[in-house]
Amino acid sequence: MIPVGPGPDSTRVVKAACPHDCPDTCAMLVTVDAEGRAVGVGGNPDQPVTAGFLCGKVSNYLDRVYGEDRLLRPLVRTGAKGRQAFREASWDEALDVVAGGLRAAIDRHGAESILPYSYMGTMGLLQSNSMSARVMHALGASKLVRTVCASAGVAGTAATQGQSPEVDPERFPNSRYVLCWGWNPLSTAPHLWRLILQARREGAKLVVIDPFRSRTARLADEHVRPLPGTDGALALGMMRALLDGELVDEAWCRAHTTGFDELCDRLDDYPVARCAQLCGVDAATITRIAGEFATTQPSLLRLGVGAQRHLGAPVAYRTIACLPALAGSWRHDGGGFSYVPLATTTAIDRTALQRPDLLPREVRSINMSQLGDALTDPDLDPPVAALVCWGANPARIAPDQTKVLAGLGREDLFTVAIEQVMTDTAAHADVVLPATTQLEHLDAVPSWGHHYVTWNEPAIAPCGQAKPNTEIFRLIAARLGLDDPCFAETDEQMLAAALADEPGGVGLPELRDRGFVKIDLGQGAAPHAEGHFPTDDGKLALHAPALARRGIDPVPFYDPPAEVADAQLATRFPLALVTPKTHMFLNSTFADQHRQHRAHPEPFVVIHPEDARPRGIGDGQQVRVFNDRGSFVMTARVCDDTRPGVATAPMGWWSRDHADGLGGQATTSQRLTTLAAAPIFNDNRVEIATVPAG
Ligand SMILES: Nc1nc2c(c(=O)[nH]1)N[C@H]1C(S)=C(S)[C@@H](COP(=O)(O)OP(=O)(O)OC[C@H]3O[C@@H](n4cnc5c(=O)[nH]c(N)nc54)[C@H](O)[C@@H]3O)O[C@H]1N2
Ligand SMILES: Nc1nc2c(c(=O)[nH]1)N[C@H]1C(S)=C(S)[C@@H](COP(=O)(O)OP(=O)(O)OC[C@H]3O[C@@H](n4cnc5c(=O)[nH]c(N)nc54)[C@H](O)[C@@H]3O)O[C@H]1N2
Ligand code: SF4
Ligand SMILES: [Mo]
């Protein structure tokens with residue numbers, strides 16, 4: 001940890017924000033020496049969620065900033081695609097090549113043949129997608145539908161409770177019964193995990209619902225292991241158990257929900273025994289956990305992102321979000337439901353930053369989770385002729401990796417990658433432009449896990465010739481002759497405009513001065529104790545009209561996964577493969593860094609002994625995991641961390657860490673959920689075989 005307040009005479013401390021796609025959005029403090037070099041990063045002790053520490057992924061952020069891998073100059077391709085044959089170029093030359101490539105695509109196929117591809121490599125209001133969006137809009141490029149993370153669950157939970165602020169994580173310590181459902185916070189949200197540990201110290205019981213024994217599950221009081229993609233059935237079983245046990249908070253439900261009687265009728269179809277059979281958790285456990293959840297108040301149900309990678313996930317998340325209502329959890333400070341606090345997450349409107357009004361005409365949309373098809377479909381008209389990628393590494397994180405790599409390898413695709421390091425995606429680019437890190441640019445970062453916005457003051461000058469994403473797109477706009485005055489706006493002007501109306505009470509002066517400001521929408525300590533849900537009628541929707549409008553049954557039901565529930569497919573591909581996050585990487589970010597890599601030297605596919613034995617697979621052996629989409633080779637870890645019939649292979653590693661360059665993503669599917677058009681990475685059947693020696 002670094003000293004707070006003014007440092008010794010020769011150093012200064014700068015207020016910053018971790019930019020990464022993590023619900024904790026930490027307030028950082030950066031110590032800078034007299035020469036302008038950053039010499040330390042730490043967590044801000046004044047920020048109540050950050051509580052003075054950074055996670056193991058980011059506490060060595062200076063290895064990122066000053067790392068050997070850092071891209072410091074523009075690069076132009078000189079050899080075959082994907083072979084990392086580049087030469088250094090001046091910014092002038094590189095921008096000419098970029099402008100030439102984009103113009104050629106427009107001349108040949110029209111502007112929709114340009115596809116922007118970005119995600120949350122940085123979540124900052126400025127550096128994630130502001131000037132970049134303006135440029136893409138003004139050109140009339142295709143729109144990217146950004147679905148790859150939490151969309152299925154967001155659609156589902158919003159159908160039940162609207163855009164709620166949910167349970168403020170600062171109230172988590174008041175809970176006395178915590179269900180971590182499809183969530184591994186010890187690894188993926190260590191600061192929210194700290195708040196759950198506080199509850200536990202006060203006597204809360206912690207139950208983890210996850211097919212895999214995650215680090216969080218290892219420490220839980222109880223670990224419940226449903227089959228992947230069957231969480232909806234588990235939730236229906238729990239609700240039915242509450243009804244059977246006369247534990248439903250009927251008074252609260254009648255006052256603050258719609259559709260109570262319809263849900264009760266529906267639960268006639270879901271006896272606990274039936275649900276037990278569907279989800280693979282025994283009926284007695286379902287009944288007991290449900291009862292404990294209802295009678296140990298305040299009870300908190302916190303869903304993660306992991307359980308929503310299945311075809312039935314939107315309906316499952318919507319169903320799970322009904323359970324705390326039946327249990328009466330919302331009455332209590334620290335009780336209720338939490339997934340992504342949409343009210344605070346979306347409090348700052350990005351319209352002024354992104355300027356969709358610049359679009360010259362309606363343009364097509366391409367779903368980021370179907371990049372493989374978009375780049376390889378011979379019938380796509382116009383084809384994707386130019387790809388501009390920043391803040392994302394689709395070569396590793398987009399499903400159906402074989403197709404994605406085939407697409408990125410197209411000699412007739414013009415690719416621009418704006419990156420900090422030479423990722424697998426950047427390796428396929430025609431031009432690589434060096435991007436600044438968080439210490440080198442201005443930003444403000446909202447959170448999808450807590451209620452604060454965090455300020456990021458540039459602490460040091462840009463390293464080498466790196467530039468912020470905003471500046472790079474400003475330069476591209478100028479090269480392309482885009483002359484709307486908005487392309488001349490500075491980062492300061494853009495942020496000032498976004499915060500001009502003080503959304504949620506967040507004003508620029510206070511944000512800059514204090515480093516973080518809590519969004520105040522009047523949510524208070526127990527936001528829905530008296531209802532007040534941000535739905536049409538202010539009530540939690542046990543019967544959800546939003547779903548009916550989409551042709552989906554508005555009353556909770558079991559919507560099964562696709563491949564996991566496909567008995568026919570199971571004859572060829574008997575194992576369900578889950579691909580969750582790693583502990584020390586952030587998606588694929590940091591997988592190149594020495595310290596993080598040393599902690600995770602190689603990926604493992606975890607197989608249960610009952611599945612390994614008949615296949616002749618021993619612990620530590622090389623295995624091939626395959627289905628009709630693709631295959632990858634990995635070391636097997638044979639143990640009961642997973643349940644029989646389910647294997648796990650983590651996401652995140654780069655191609656060099658895999659025997660054949662491919663990882664779990666080679667087997668995942670591009671199929672999308674009906675509601676929200678979201679990916680279904682964990683709804684994936686595979687077979688595993690030993691790799692013959694030699
Ligand atoms: N260390 C680390 N932290 C991260 C990230 C990272 O890569 N590494 N990534 C960041 C990002 S972008 C996100 S979205 C969050 C995600 O954070 P989490 O929500 O924790 O996401 P995952 O690790 O994908 O999944 C959590 C758990 O869900 C389980 N799971 C998989 N399928 C199912 C299912 O069908 N049902 C149930 N009940 N459980 C299931 C997995 O086994 C896994 O243990 O973490 C963020 N923080
Ligand atoms: N199989 C499987 N696939 C998954 C998931 C899964 O659980 N399983 N999880 C999904 C989820 S939840 C997510 S969020 C996505 C994540 O997908 P991505 O958002 O693509 O995440 P990363 O792989 O970390 O890539 C982010 C890149 O942004 C770069 N970057 C960081 N800051 C900046 C900056 O300021 N400027 C520029 N130009 N670049 C920057 C980093 O160097 C890094 O290479 O992956 C999804 N894919
Ligand atoms: S990755 Fe998450 S936990 Fe780690 S420093 Fe950033 S916000 Fe905090
Ligand atoms: Mo994510």
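The rules behind the values
- Residues numbered from 1 in each chain as written.
- Chains lettered and ligands numbered in written order.
- Predicted model: local features only at pLDDT ≥ 70, side-chain atom pairs only at ≥ 80, totals over all residues.
- Heavy atoms only, no water.
- Pairing = 2+ DSSP bridges.
- Helix = DSSP H or I, 4+ residues; strand = E, 2+ residues; numbered from the N terminus.
- Axes fitted to C-alpha atoms, helices over the stretch in contact; angles between N-to-C directions.
- Core = buried A, V, L, I, M, F, W, Y, C linked by side-chain atoms within 4.5 Å.
- Buried < 20%, exposed > 50% of the residue type's maximum accessible area, 1.4 Å probe, protein only.
- Contact = heavy atoms within 4.5 Å.
- Near = heavy atom within 4 Å.
- Nonpolar A, V, L, I, M, F, W, Y, C, P; charged D, E, K, R; others polar.
- Salt bridge = Lys/Arg side-chain N within 4 Å of Asp/Glu carboxyl O.
- Expected span 1.5 Å × (residues − 1).
- Polar contact = N/O pair within 3.5 Å; in protein donor to acceptor, adjacent residues only side chain to side chain.
- Areas by Shrake-Rupley, 256 points an atom, 1.4 Å probe, with all protein chains shown as cover.
- Phe/Tyr/Trp six-rings, centres within 6.5 Å; stacked < 30°, edge-to-face > 60°.
- Domains from an automatic or database assignment.
- Buried area = accessible area lost by both parts, 1.4 Å probe.
- Parallel < 35°, antiparallel > 145°, perpendicular 65-115°, else oblique.
- Left-handed = near helix turned anticlockwise from the far one by under 90°.
- 1 Å grid on protein atoms, 1.4 Å probe; cavity = no way out; pocket = protein on both sides within 12 Å on 5 of 7 lines; lining within 4 Å.
- Points joined across faces, edges and corners; volume = space filled by probe spheres on them.

A few words now on the sheet that holds strand S18 (residues 443-445). Pairing is antiparallel across the open sheet formed by three strands, whose spatial order is S18-S19-S20. With one partner strand each, in any of the chains shown, S18 and strand S20 (516-518) form the two edges of the open sheet. Pairs of neighbouring strands in the sheet enclose a mean axial angle of 20°, with direction left out of account. Two strands pair when backbone bridges link them, and S18 and strand S19 (residues 452-456) are joined in this way by three bridges, in the antiparallel orientation. Directly across from alanine 444, in S19, lies its bridge partner tryptophan 455.

Glancing now at the nonpolar core. Residues Tyr117, Leu179, Trp181, Met238, Leu301 and Leu326 are the most contacted members of the largest nonpolar core, which totals 109 residues. By residue number, the principal contributor to this core is helix H8 (residues 231-244), which donates eight residues. If we ignore the near neighbours within four places in the chain, the residues touching tryptophan 181 are Ile209, Asp231, Leu234, Ala235, Met238, Leu301, Arg302, Leu303, Gly304, Ile320 and Leu323. One finds Val98, Leu126, Val388 and Val416 within the second-largest nonpolar core, a separate group that totals 49 residues.

The next point concerns the site of ligand 3. In the vicinity of ligand 3, the residues found are Cys18, Cys22, Asp24, Thr25, Cys26, Leu54, Cys55, Lys57, Val58, Pro190, His191 and Leu586. The residue inventory of the shell around ligand 3, partitioned by class, reads eight nonpolar, two polar and two charged.

Right, let's talk about the pattern of salt bridges for a bit. Per the counting criterion, the structure on display carries 39 salt bridges. For arginine 77, the salt bridge goes to glutamate 411, with nearest N and O atoms at 3.3 Å. Here arginine 77, found in strand S4 (residues 75-77), pairs with glutamate 411, found in the loop between helix H19 (401-408) and strand S16 (414-419); they are 334 residues apart in sequence, far enough to count as distant. Between glutamate 292 and lysine 205 there is a salt bridge, and its shortest N-O distance comes to 3.0 Å. You can see glutamate 292 sitting in helix H12 (residues 283-295) and its partner lysine 205 sitting in strand S9 (residues 205-209), a full 87 residues away along the chain. The buried category is assigned to glutamate 292, whose relative accessible area is 18%. By relative accessible area, which is 22% here, lysine 205 ends up partly exposed. The network of salt bridges with common partners includes Arg77, Lys81, Glu411 and Asp430.

Here the focus is helix H6 (residues 190-201). Over its 12 residues, H6 runs 16 Å from end to end, which matches the ideal 16 Å to within 8%, given 1.5 Å per residue. All buried positions along H6 are accounted for by Pro190, His191, Leu192, Trp193, Leu195, Ile196 and Ala199. Looking at the buried residues of H6, the elements they touch are strand S8 (177-181), helix H5 (185-188), S9, helix H7 (215-219) and strand S12 (299-303). Taken from the residues just after H6, glycine 203 is the one with a positive phi, measuring 110°.

Another point: the site of ligand 2. Lining the immediate surroundings of ligand 2 are 31 residues, of which Arg64, Glu419, Lys581, Ser588 and Thr589 lie closest. Here an oxygen atom of ligand 2 and a backbone polar atom of leucine 586 are 3.1 Å apart. Calculation on ligand 2 without its partners gives an accessible area of 920 Å², and the protein chains cover 97% of this total. Across the shell around ligand 2, the residue classes break down as 12 nonpolar, 14 polar and five charged.

This next bit is on unusual backbone geometry. With an omega dihedral of -5°, the bond running from glutamine 297 to proline 298 counts as a cis peptide bond. Summarising the element assignment, proline 298 is placed in the loop between H12 and S12. Omega for the peptide link from aspartate 381 to proline 382 comes to -5°, which places this bond in the cis form. Mapped onto the elements of the fold, proline 382 is located in the loop between helix H17 (371-376) and strand S15 (386-390).

The next point concerns the packing of aromatic side chains. With the rule as written, the count across this model stands at eight aromatic pairs. With a centroid separation of 6.2 Å and an interplanar angle of 85°, the aromatic rings of tryptophan 252 and phenylalanine 533 are classed as edge-to-face. Here tryptophan 252 is found in helix H9 (residues 250-256), whereas its partner phenylalanine 533 is found in the loop between S20 and strand S21 (540-541), with 281 residues between them in sequence. Comparing tryptophan 252 with phenylalanine 533 shows no difference in burial state: the two are buried. With a centroid separation of 4.9 Å and an interplanar angle of 65°, the aromatic rings of tryptophan 390 and phenylalanine 473 are classed as edge-to-face. Here the residue tryptophan 390 occupies a position in strand S15, and phenylalanine 473 occupies one in helix H20 (residues 469-479), the gap between them amounting to 83 residues.

Side chains of residues three or four places apart in an α-helix project in the same direction, reflecting 3.6 residues per turn. Extensive coverage of helix H4 (residues 151-161) is indicated by the burial of eight of its 11 residues. All of the buried residues in H4 are Ser151, Ala152, Gly153, Gly156, Thr157, Ala159, Thr160 and Gln161. Trailing H4 by a residue or two, glycine 162 shows a phi angle of about 70°, which is positive.

Our focus in this paragraph is the domain arrangement of the protein chain. Buried accessible area, meaning the area lost when the parts come together, often serves as the stated size of an interface. Segmentation of the protein chain into domains returns domain 1 (5-65), domain 2 (75-149 + 355-518), domain 3 (152-339) and domain 4 (567-690). A straight line from the C-alpha centre of domain 3 to that of domain 4 covers 27 Å. The partner domain 4 presents 22 residues to the 22 residues of domain 3 that form the contact. Interface area for domain 3 against domain 4, summed over the two sides, is near 1900 Å², with a carbon-plus-sulfur share of 58%. Contact with domain 4 buries surface across domain 3, with Phe212, Arg309 and Leu311 losing the most and accounting together for 35% of the total. A salt bridge links aspartate 640 to arginine 213; its shortest N-O distance comes to 3.0 Å. In this assembly, domain 3 and domain 4 are joined by 14 residue pairs in polar contact (both at pLDDT 80 or more). Of all the elements in the fold, those that place two or more residues in the side of domain 3 that touches domain 4 are H4, H5 and H7. Per-element tally for the side of domain 3 that touches domain 4: the top contributor is H5, with three residues.

Turning our eyes to something else, we now look at the packing of H4 against helix H13 (residues 313-320). Where H4 contacts H13, the axes come no closer than 7 Å and their chain directions differ by 40°. As far as their axial angle goes, H13 and H4 are oblique. The element H4 and its partner H13 pack so that their crossing is right-handed. Counting all contacts with H4, which are made through Ala152, Gly153, Gly156, Thr157, Ala159 and Thr160, the residues of H13 involved are Ala313, Pro314, Tyr317 and Arg318. Across the contact of H4 with H13, the residue classes tally to five nonpolar, four polar and one charged.

In this section: the layout of surface pockets. In this structure, the second largest pocket spans a volume of roughly 1200 Å³. At the level of elements, strand S6 (114-118), helix H3 (131-139), strand S7 (143-145), H4, helix H15 (342-345) and helix H16 (351-354) are the ones that each hand at least two residues to the lining of the second largest pocket. Class assignment for the residues of the lining of the second largest pocket results in 20 nonpolar, 13 polar and five charged.

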